[in-house]
Amino acid sequence: MQFRNDIQGIRGLAFLLVFIFHLNYHWLPGGFIGVDIFFVISGFLMTSIIMGDKEKSDFSFYNFYLKRLKRIFPAYLFLLIIVASAGFYIYLDRDFWGFQKAVAASFLFVSNLLFARGDSYFGARLEDNPFLHTWSLAVEMQFYLLLPLILIFIKRKFLPAVIILLIVALTAYANISMHISHDTSVRYFSLPARIPEFLIGSLYSLTLKNKINFSRANNNIIASLSLGVLILSAILIDKNTPFPGVTALVPTLATANLLVTGSNFISDFFAKKVPRYIGELSYSLYLWHWPFIAYIRYYNDEYTLSTNQVIFVCIFTSLMAWFSYRFIENYFRKKSNALFLRYTVSGSVLLGLLTIFLPKVAAFYKIPDIYTSPSFGVDSHNQKKTEIFGDKNVKNPKILLIGDSHALTIKPFLNYVGEKNHFSFTTITTDGIMALDGIKRSEIPSYGMKFYDAAQQLAPFTEENISRSKIIMINCSTFISPQSIYQAVEKLAHGLNPDQRLIVFETFPTVDRDPIKVNRDYIKRTSKKFIVTVNEKNKAALQKLATENKNVYFYDLSKSKVFKTAPFYKDTLMYYNRSHLNVYGSVSMAKDLEKDFMSFFTPILNEEK
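Residues numbered from 1 in each chain as written. Predicted model: local features only at pLDDT ≥ 70, side-chain atom pairs only at ≥ 80, totals over all residues. Heavy atoms only, no water.

**Q** Explanation requested: a nonpolar patch on the surface in the structure shown.
**A** Residues Leu341, Val345, Val349, Leu353, Ile356 and Phe357 make up a contiguous nonpolar surface patch of roughly 560 Å² in combined accessible area. Residue placement: Val349 occurs in helix H16 (residues 337–362). On the basis of relative accessibility, which here comes to 46%, the residue Val349 falls in the partly exposed class. (Patch = residues over 30% accessible without salt bridge, like charges linked within 9 Å, V, L, I, M, F, W, Y side chains within 5 Å. Areas by Shrake-Rupley, 256 points an atom, 1.4 Å probe, with all protein chains shown as cover. Salt bridge = Lys/Arg side-chain N within 4 Å of Asp/Glu carboxyl O. Helix = DSSP H or I, 4+ residues; strand = E, 2+ residues; numbered from the N terminus. Buried < 20%, exposed > 50% of the residue type's maximum accessible area, 1.4 Å probe, protein only.)

**Q** Explain the pattern of salt bridges to me, please; I cannot follow it from the model alone.
**A** Think of it this way: side chains of opposite charge can pair up when their charged atoms draw near. One pass over the structure, following the stated rule, counts 25 salt bridges. Taking the shortest distance from any N to any O, the salt bridge between Lys366 and Asp93 comes out at 3.7 Å. Linking Lys366 in the loop between H16 and helix H17 (369–372) with Asp93 in the loop between helix H3 (61–90) and helix H4 (96–107), this pair joins segments that are 273 residues apart in sequence. Look at Lys366 and you get partly exposed, because its relative accessible area is 39%. For Asp93, a relative accessible area of 27% gives the class partly exposed. For the salt bridge of Lys559 with Asp596, the shortest nitrogen-to-oxygen distance reads 2.7 Å. In this pair, Lys559 sits in the loop between strand S8 (552–556) and strand S9 (568–569) while Asp596 sits in helix H24 (residues 583–608), placing the two residues 37 residues apart along the sequence. Residue class for Lys559 comes out partly exposed when judged on its relative accessible area of 44%. Taken together, the shared-partner salt bridges in this structure form one network comprising Asp128, Asp301, Lys517 and Arg578.

**Q** What is the right way to read helix H7 (residues 159–181) from this model?
**A** Side chains of residues three or four places apart in an α-helix project in the same direction, reflecting 3.6 residues per turn. Under the 1.5 Å per step criterion, the end-to-end length of H7 is 32 Å for 23 residues, consistent within 8% with the ideal 33 Å. If you check which residues of H7 are buried, you get Leu159, Ile163, Ile167, Leu170, Thr171, Ala174, Ser177, Met178 and Ser181. For H7, the elements touching its buried residues are helix H2 (33–55), helix H6 (134–153), helix H8 (185–188), helix H9 (191–207), helix H11 (246–260) and helix H20 (449–467). (Expected span 1.5 Å × (residues − 1). Contact = heavy atoms within 4.5 Å.)

**Q** Would you take a moment to explain the nonpolar core for this structure?
**A** Soluble globular proteins tend to pack their nonpolar side chains together in the buried interior. Judged by nonpolar contacts, the single largest core of 161 residues is most densely connected at Phe413, Phe597 and Phe601. At 15 residues, the largest contribution of residues to this core is made by H3. Judged by nonpolar contacts, the second largest core, of 31 residues, contains Tyr452, Phe461, Ile472 and Leu545. (Core = buried A, V, L, I, M, F, W, Y, C linked by side-chain atoms within 4.5 Å.)

**Q** I keep staring at unusual backbone geometry and nothing clicks. Help me out?
**A** Backbone torsion omega between Phe243 and Pro244 reads 5°, so that peptide bond is classified as cis. Residue Ala566 is joined to Pro567 through a cis peptide bond whose omega torsion reads 10°. Even without glycine at this site, Ser57 takes up a positive phi of about 55°. Residue class for Ser57 comes out exposed when judged on its relative accessible area of 70%. Positive phi, close to 70°, is recorded for Asn551, a residue that is not glycine. Turning to its location among the elements, Asn551 is positioned in the loop between helix H23 (536–548) and S8.

**Q** What exactly am I supposed to notice about the pairing of strand S4 (residues 471–475) here?
**A** Successive residues of a regular strand alternate their side chains across the two faces of the sheet. With 5 of 5 residues buried, S4 is to be regarded as a mostly interior element. Where strand S2 (residues 399–403) meets S4, 5 bridges bridge the pair, whose relative direction is parallel. Paired with Leu400 across the two strands is Ile472, which belongs to S4. Examined bridge by bridge, S4 and strand S5 (residues 501–506) share 4 bridges and lie parallel to one another. Residue pairing for S5: Ile474 is matched across the bridge by Val504. Each parallel crossover has a hand, and for S4 linked through helix H21 (residues 483–494) to S5 it is right-handed. (Pairing = 2+ DSSP bridges. Right-handed = clockwise from strand over helix to strand, strands pointing away.)

**Q** Would you mind going over empty space enclosed by the protein with me for this structure?
**A** Once rolled over the atoms, a probe with the size of a water molecule shows which space is left empty. All chains considered together, the criterion is met by 3 cavities of 30 Å³ or more. Of the pockets and cavities examined, the largest cavity occupies roughly 70 Å³. What lines the largest cavity is simply Ser373, Pro374, Ser375, Phe376, Leu408, Thr409, Pro412, Tyr576, Leu581, Asn582, Val583 and Ser586. At the level of elements, helix H18 (405–409) and H24 are the ones that each hand at least two residues to the lining of the largest cavity. (1 Å grid on protein atoms, 1.4 Å probe; cavity = no way out; pocket = protein on both sides within 12 Å on 5 of 7 lines; lining within 4 Å. Points joined across faces, edges and corners; volume = space filled by probe spheres on them.)

**Q** I'm lost on the sheet that holds S2 in this one. Help?
**A** Within a sheet, neighbouring strands are paired by backbone hydrogen bonds and run either parallel or antiparallel to one another. One open sheet accounts for 6 strands, arranged S1-S3-S2-S4-S5-S8; its pairing is mixed. Among the strands making up the open sheet, the edge pair consists of strand S1 (387–390) and S8. Strand-to-strand, the axes of this sheet are offset by a mean angle of 30°, without reference to chain direction. Running over the sheet, H21 touches S4, S5 and S8 and is turned about 150° from S5. (Axes fitted to C-alpha atoms, helices over the stretch in contact; angles between N-to-C directions.)

**Q** How should H3 be read in this particular structure?
**A** A rise of 1.5 Å per residue sets the reference length of H3, with its 30 residues, at 44 Å; its end C-alpha atoms lie 41 Å apart and thus fit the reference within 8%. Along H3, the sharpest kink reaches roughly 35°, centred on Phe73 and followed within four residues by the proline Pro74. Where H3 begins, one side-chain oxygen reaches toward the backbone nitrogen of Tyr62, 3.3 Å away; that side chain belongs to Ser60. (Bend = angle between axes of the 7 residues up to and from the residue. Polar contact = N/O pair within 3.5 Å; in protein donor to acceptor, adjacent residues only side chain to side chain.)

**Q** Just to check I follow, could you spell out the side chain of Lys411 for this structure?
**A** Structurally, Lys411 is set in helix H19 (residues 411–421). Buried and unpaired, Lys411 has no salt bridge, with Glu387 as the nearest side chain of opposite charge at 4.6 Å. Side chain to side chain, Lys411 and Ser380 meet in a polar contact 2.9 Å long. Not counting residues within four places of it along the chain, the set of residues in contact with Lys411 comprises Phe376, Gly377, Ser380, His381, Phe389, Leu401, Phe425, Thr427 and Thr429. (Lys, Arg positive; Asp, Glu negative; His and termini not counted.)

**Q** Quick question: what am I supposed to make of the packing of aromatic side chains here?
**A** On inspection of all chains with the given rule, the structure shows 54 aromatic pairs. Their ring planes at 75° and their centres at 6.3 Å tell us that Phe530 and Phe568 sit as a pair that is edge-to-face. Of this pair, Phe530 sits in the loop between helix H22 (515–519) and strand S7 (532–533) while Phe568 sits in strand S9; the two residues are 38 residues apart in sequence, bridging distant segments of the chain. The same class applies to Phe530 as to Phe568, namely buried. Pairing Phe597 with Phe600 gives two aromatic rings, centres 5.9 Å apart and planes at 45°, and the pair type is tilted. Here Phe597 pairs with Phe600, and both are found in helix H24, just 3 residues apart, close to one helical turn. By relative accessible area, Phe597 is classed as buried at 0%. An aromatic cluster of three or more residues is present, and its members are Phe21, Phe32, Phe39, Phe115, Trp135, Phe143, Tyr188, Phe189, Phe198 and Phe243. When the ring centre of Tyr144 is taken as origin, the NZ or CZ atom of Arg68, which lies over that ring, is 5.8 Å away. Taking the ring centre of Phe327 as reference, the NZ or CZ of Arg326 above it sits at 5.1 Å. (Phe/Tyr/Trp six-rings, centres within 6.5 Å; stacked < 30°, edge-to-face > 60°. Lys NZ or Arg CZ within 6 Å of the ring centre and 35° of its normal.)

Below, the structure written as structure tokens:
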């Protein structure tokens, strides 16, 4: 296929859309469609190459896959080695396991499968993961395994019909599955949901090989409208739009139209020196821009980049992309297969050794787990199992604590008070959402689906334990969002037996950023200020619930004076992330509130007796 400068320029546009979106999604909410532009271009070009070789009876699966690897893997492996090496000094010890999985999945081109599962409830977020952008390369490499099989083994006269059928079927699959599951994240990273985007490029390559070529004026209109659709898509589509699926057809068809429209001033512009040069560097630019952004966000635990940070990202992305393009991409493209193989093997071994041994080096800076992760009461968390805490000499406890991770967090609080005041309690807690019937799946955001499903599996076990308990205590990060959580708790309150009591806690405050990332120690070292927030609407709803329902009681944990200096107390870290107390914080809260809590709790205990 003849080399086209305008396609390089369109690649440059695709990168710029993604780059702006990644710097700040408020600037260009739909900039992620740049990835879809890359997919269409890839399908168009690969189909042209494969069909050209097929027509000459010169196609070789071995040569095709080897050329793809030589084009993609050297710069990619270089990136993985550098970013992994830096990561083990930037990432916290608690997040190393997730980081190692991301390195391995990226290396094997299956990171889309890893990221589709979402992140750990307590761990690093996806927007902080320096390998998140590798999902698109994983999808592309997986598609390359399939495309030659379709194009080589199906006769050319049947190919357009087969490809149209696949586009329609897989687009419908993506839309229907998103509608049924209320979850766009799985489909976003899914190869089947993305195949239509590649195949649109393939279809245009097969059917419009000689381009749509009207008069120059008409070509200008078609190209201008196509570019306009792309720009509007980048502005109007956002992260709440069901995507991919039918919506993805809009920017992908517009991209394909640009690729096949005859002589026009839009293509002339994209073929000029600057757009073409950005396009030439687009692969390396795409590789390097995201790790800089992700590491800055992870280290500061802030999404918004400052002006200086944006300038830093732009400069160093450009420098690393130029170096990668000049000395890695171009170098190996022209070298022998034997040299490529030696580089691949040696680089892969080095990456493996770094991934295994660098965490051991970084362990010298490890902060004790008691300050950095949930470490108390975890055997009854996310499991069909209860634990007993407090004064274990008290036989047959009939006090039950349920709730989400905020209930897990106050287990040390109640354990301390229980040991001192001779009561015990059992616990069942879950991540994200409490295990209680009546919470509506339709109200759960896509990122919370796996936590909802896991919690609902434990709901019957929770109900069984509630029925055997005299005092039920609930703590939750919020009782009012989604609304059905409040309704489920209200239903529980209405269904209490005369001898049962329900205690609802206003949970502890949250802070605006992860203090461990900012402070890097459990002794206070940072001078940064934290915003401490109490959910007043949640508190008001719980007070109302207690007022309107007999045998329902409200207790406010957020009133403790230990939160005046949150996230530290006596210059010691009391939170293990922005919204959860560590064991030290929970026990400190217990020492402060013990007398107050027992003056509230003793009458309820006496009623139960």
